[in-house]
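Residue-level structural notes
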Amino acid sequence: SQGYFSTGDYLNAEEKLSKAVKLQPNVPSYFSMRGIVLEYTARPSSAFLDFERAASLSPGQTASAIEAAHSAIRMGRVDRAEYWYEKALSADPYNASVLMELVGFYASNGRRGDALELLGFFETLKSPQVALWAYAAKIYDFYEEHNRAEYAKSCADEIVLAPCKL
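Calculation notes
- Residues numbered from 1 in each chain as written.
- Predicted model: local features only at pLDDT ≥ 70, side-chain atom pairs only at ≥ 80, totals over all residues.
- Heavy atoms only, no water.
- Helix = DSSP H or I, 4+ residues; strand = E, 2+ residues; numbered from the N terminus.
- Buried < 20%, exposed > 50% of the residue type's maximum accessible area, 1.4 Å probe, protein only.
- Phe/Tyr/Trp six-rings, centres within 6.5 Å; stacked < 30°, edge-to-face > 60°.
- Expected span 1.5 Å × (residues − 1).
- Arc of directions from axis to C-beta.
- Contact = heavy atoms within 4.5 Å.
- Axes fitted to C-alpha atoms, helices over the stretch in contact; angles between N-to-C directions.
- Parallel < 35°, antiparallel > 145°, perpendicular 65-115°, else oblique.
- Left-handed = near helix turned anticlockwise from the far one by under 90°.
- Nonpolar A, V, L, I, M, F, W, Y, C, P; charged D, E, K, R; others polar.
- 1 Å grid on protein atoms, 1.4 Å probe; cavity = no way out; pocket = protein on both sides within 12 Å on 5 of 7 lines; lining within 4 Å.
- Points joined across faces, edges and corners; volume = space filled by probe spheres on them.

**Quick look at unusual backbone geometry**
Across residues other than glycine, the phi torsion is negative in most instances, and most of the peptide bonds are trans. Of note, A42 is a non-glycine position whose phi angle comes to about 60°, a positive value. Its location among the elements puts A42 in the loop between α3 (28-40) and α4 (44-57). Residues other than glycine seldom take positive phi values, yet E144 does so here, at roughly 60°. With a relative accessible area of 62%, E144 lands in the exposed category.

**With respect to the packing of aromatic side chains**
All told, the structure shown has eight aromatic pairs when counted by the stated rule. For the ring pair Y10 and Y40, a centre distance of 5.1 Å and an interplane angle of 35° mean the geometry is tilted. Taken together, the positions of Y10 in helix α2 (residues 10-23) and Y40 in helix α3 put the pair 30 residues apart, joining distant regions of the chain. Residue classification places Y10 among the partly exposed positions, given a relative accessible area of 21%. Ring geometry for Y94 against F121: centres 5.8 Å apart, planes inclined by 50°, an arrangement best described as tilted. Residue Y94 is found in the loop between α6 (78-91) and α7 (96-108), and its partner F121 is found in helix α8 (residues 112-125); the two are separated by 27 residues along the sequence. Members of the aromatic cluster, joined through ring pairs, are Y85, F105 and Y106.

**A closer look at helix α10 (residues 146-161)**
A rise of 1.5 Å per residue sets the reference length of α10, with its 16 residues, at 22 Å; its end C-alpha atoms lie 22 Å apart and thus fit the reference within 8%. Where α10 is concerned, the buried positions are A149, A152, C155 and A156. Burial along α10 is one-sided: seen end-on, the buried residues are contained in an arc of 120°. Buried positions along α10 lie against α9 (130-142).

**Section: the packing of α3 against helix α5 (residues 62-74)**
Between α3 and α5, whose axes approach to 11 Å, the crossing angle comes to 25°. Viewed along their axes, α3 and α5 adopt a mutual orientation that is roughly parallel. The handedness of the crossing between α3 and α5 comes out as left-handed. Between α3, through S32, I36 and E39, and α5, the contact on the second element is made entirely by S64, E67, S71 and R74. Residue classes in the contact of α3 with α5 are distributed as one nonpolar, three polar and three charged.

**Observations regarding empty space enclosed by the protein**
Applying the stated rule across the entire model yields one cavity of 30 Å³ or more. Counted as a void, the largest cavity has a volume near 40 Å³. Lining of the largest cavity is provided by A55, S58, P59, Q61, T62, A65, W84, K87, A88 and A91. The set of elements that each furnish at least two residues to the lining of the largest cavity consists of α5 and α6. The biggest single contributor to the lining of the largest cavity is α6, with four residues. Counted by class, the lining of the largest cavity contains six nonpolar, three polar and one charged residues.

Shown next as structure tokens:
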């Protein structure tokens, strides 16, 4: 199916993946791949169901849950997005990237307290990812928490400059 997908032959890719799903209905990656194909063929409702199925089959996999959350957002299903973001975080509570996905979700849905609480936890993780610190600074600035924003920016700067301090 990947050969079909890479050449843009989404109908054949979907057909092969649907056969794979029938033969092995407990393989999450088949549902994920078919979900991607369904999105490419403008069938977001079906894609969403496949992403949810993949995430349900792999409860410890944060990627599947994040995929389901992103699909839910595209579908306008904020309730399902929150469910899958929180599932992803509960599967790996110290994953800074997943944590920041949920922070962004809370911030974009007017949940200031929840976003700031998670940002506080994010700070304790001391993530080495510059982009996450920059995103944290952006959210803090959005909420006019300028001291916290400056702290996040300084953490990003330290990461960037660290290789220069040899």
